[in-house]
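# Geometric and topological summary
Here is how the chains run, residue by residue.
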Amino acid sequence: MWDYQIWKLIAISLIFFMQAGFAMCEAGFTRAKNTGNIVMKNLMDFCLGTVTFILIGGPILCAENAIAGGLLGSAGQVWGDMFTNASTYNWTDFIFNLVFCATTATIVSGAMAERTNFKAYCIYSMIISAIVYPVEAYWNWGAGNNGWLQQLAADWGLIDGTAQGFIDLSGSCSIHMVGGLTALIGAWMVGPRIGKYTRDENGKVVKINAIQGHNILMGALGVFILWFGWYGFNPAACTSWDSYEGMGQVFMTTTIAAALSTVTVMIITWVRNGKPDVSMTLNGSLAGLVAITAGCSRVDLVGSVVIGIVAGVLLCFGVEFIDKVLHIDDPVGACSVHFLNGLWGTLACGLFSTTTGLFYGHGFAQLGIQLIGIVAVCAWTAAWAFLVFGVMKLIKRKDGKTPFLRATPEEEIRGLDITEHGLISAYPDFVAQVESLDYSGAIEVTGDVPVAEAVSVTHFSEADAVVPQETRESGKFTKIEIICKERMLDALKDGMLALGINGMTVSHVMGCGQQKGSPEYYRGVQVEATLLPKIQVDIVVGKIPVENVIDTARKILYTGHIGDGKIFVYDVLNVVKVRTGEKGYNALEGEE
């Protein structure tokens, strides 16, 4: 008994460490401007979840006696033991259930990343830990099999020395399917990230834009951490070292299913795309781990192989179906990894359980109870998800338009690090990548600063310089230097191309105007003269009127606020094309 308790505490530590894996995987698969926000979410869903689980969720799940026909546990006795008999209370099992609960909540974060209001995230994360997870988990894992689902399994003769009743050893259903379904509904209700889908005037999606993650190495490290943590996640529920619920078998099935799923995804993406996809293959590892979690102690070598292969197939086609058909924006593939494969893993127990499965000659009873459990848990989860997210959509933020559930367009485009947490950058010593998404449709004129102040124009004359003969004969050249916000680059580029300008130089710069940027704080100390990331676009024109370029740029950049941009105009003495030695207009040919 002592050895088992020590092992369970070690496993609990491994499961907690999976929070780091989720954080790194989600951050790596999304953009750098939201890294700090993602770290905060993965930290707070555990910490806030701990509070609500102690006060509400834990007593419901860990109760010895059932109420309402096994729908939930009687929390009163647990509250009494926790606060009056702390020295003798079974804290090992309580913390074990707590870390499982935190995993359920953190799954939702990835699918709704980069556009969810942090306040809303904290609220629905606590609701998952307080009500959603504890109640449905009690149906499966309630003390003495007192949950209604296990009672039904007992009535069907599925609980005896070789049967487990409803099979979900470590939570393909109770954790991953619940988190994945909540994530799917949440991602649909919060809406896609700005720029993810290009729509025509009728609202029909005509183009799907790939928004790449900023750090595949971080995402890969997150996956390796999660896989490592799974060696605590699945065997933690084992009751002995060997036998059907022994750790050796669980380690084996867990490893094989994850490996086969990973290989399957690599092969599918290689065949379909001509090259193996790195991020999808990483997702494939997680898909196999999720799928095997329910039956890891009940399936054999062959079963784990089949479960892993099917998980990889579901992952590949699930990601594309959700993105290309349903047009639900899931930045990290959480819905396919956790919902689809959580469902598949739960269902597979009815097929591949060596003691009760259909494919092993034991009839349809196990498959039937697995289907009933899936339907019931999905119905419970979906009801709460629609209720919570629906209320958050009805409530509006201060601007009167944006739902409480979602970040405002300005917050989303600038990044949630700076707007939600005052974090200028998660990587202050690195140059950020310039985004190529068109945000112009999401930016409205919301200020009242005159155009001349919001987008100022400064002319620099070179009248005293010696102008070459060919330039005097053919006219003058002008260099236009435009400094603007990063998010406006794509719209500005399109505007310049429409004028006939085909050549421009784009640089990533840092700077601040007289207002010195908005004051931000790092560890309580104000960061002085904040340098904000900007884009510098340099254009040289000869035949195209300079005023046309200036007017077009102002129209695109103007939102009515100080800092919309600056335009500098310089006289150019001459233009020389290095490759041919041509000068003047000939050197500009093909550039405008």
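Note that the structure is a prediction, hence the values are computed from the model and not measured.

## Concerning the pattern of salt bridges
Pairing is possible between side chains that carry opposite charge, provided their charged atoms lie close to one another. All told, the structure shown has 13 salt bridges when counted by the stated rule. Note that Lys324 and Glu320 form a salt bridge whose closest N and O atoms lie 3.8 Å from each other. Of this pair, Lys324 and Glu320 are both found in helix 11 (residues 301-325), four residues apart, which corresponds to roughly one turn of the helix. Overall, the relative accessible area of 49% leaves Lys324 in the partly exposed class. The exposure class of Glu320 is partly exposed, given its relative accessible area of 24%. A salt bridge links Glu411 to Arg397, with the nearest nitrogen and oxygen atoms 2.8 Å apart. In this pair, Glu411 is assigned in helix 14 (residues 409-414) and Arg397 in the loop between helix 13 (365-394) and helix 14, connecting sequence segments 14 residues apart.

## As for the packing of helix 4 (residues 91-111) against helix 5 (residues 118-141)
Two elements in contact, helix 4 and helix 5, have axes whose closest approach is 9 Å; the angle formed by their N-to-C orientations is 125°. By the angle between their axes, helix 4 is oblique relative to helix 5. Relative to helix 5, helix 4 is oriented so that their crossing is right-handed. Contacts between helix 4 and helix 5 involve Asn97, Phe100, Cys101, Thr104, Ala105, Thr106, Val108 and Ser109 on the former and, on the latter, Tyr121, Tyr124, Ser125, Ile128, Ser129, Tyr133 and Trp141. Here the residues of the contact of helix 4 with helix 5 sort into nine nonpolar, six polar and no charged.

## Structural notes on the sheet that holds strand 6 (residues 477-485)
With respect to topology, five strands assemble into an open sheet ordered 5-11-6-10-7, the strand pairing being mixed. Two strands close off the open sheet at either side, each with one partner strand: strand 5 (455-460) and strand 7 (505-511). Taken pair by pair, the neighbouring strands of this sheet meet at an average axis angle of 20°, ignoring direction. Inspection of the sheet shows strand 6 paired to strand 11 (residues 565-572) by eight bridges, in the antiparallel sense. Considered in strand 11, the bridge of Ile480 is made with Val569. With respect to the sheet, helix 18 (residues 489-498) is in contact with strand 6, strand 7 and strand 10 (532-541), its orientation differing from that of strand 10 by roughly 10°. Lying over the sheet, helix 19 (residues 546-557) contacts strand 5, strand 6, strand 10 and strand 11, oriented at roughly 155° with respect to strand 5.

## Observations regarding empty space enclosed by the protein
Per the counting criterion, the structure on display carries two cavities of 30 Å³ or more. A volume near 140 Å³ is recorded for the largest cavity. When contributions to the lining of the largest cavity are tallied by element, the ones reaching two or more residues are helix 1 (2-28), helix 4, helix 10 (278-292) and helix 12 (334-352). Here the residues of the lining of the largest cavity are counted per class, giving eight nonpolar, five polar and one charged. If you add up the space inside the second largest cavity, you get close to 70 Å³. If you list the elements that add at least two residues to the lining of the second largest cavity, you get helix 5 and helix 13. When residues in the lining of the second largest cavity are grouped by element, the largest group, five residues, is from helix 13.

Conventions and cut-offs
- Residues numbered from 1 in each chain as written.
- Predicted model: local features only at pLDDT ≥ 70, side-chain atom pairs only at ≥ 80, totals over all residues.
- Heavy atoms only, no water.
- Salt bridge = Lys/Arg side-chain N within 4 Å of Asp/Glu carboxyl O.
- Helix = DSSP H or I, 4+ residues; strand = E, 2+ residues; numbered from the N terminus.
- Buried < 20%, exposed > 50% of the residue type's maximum accessible area, 1.4 Å probe, protein only.
- Axes fitted to C-alpha atoms, helices over the stretch in contact; angles between N-to-C directions.
- Parallel < 35°, antiparallel > 145°, perpendicular 65-115°, else oblique.
- Left-handed = near helix turned anticlockwise from the far one by under 90°.
- Contact = heavy atoms within 4.5 Å.
- Nonpolar A, V, L, I, M, F, W, Y, C, P; charged D, E, K, R; others polar.
- Pairing = 2+ DSSP bridges.
- 1 Å grid on protein atoms, 1.4 Å probe; cavity = no way out; pocket = protein on both sides within 12 Å on 5 of 7 lines; lining within 4 Å.
- Points joined across faces, edges and corners; volume = space filled by probe spheres on them.

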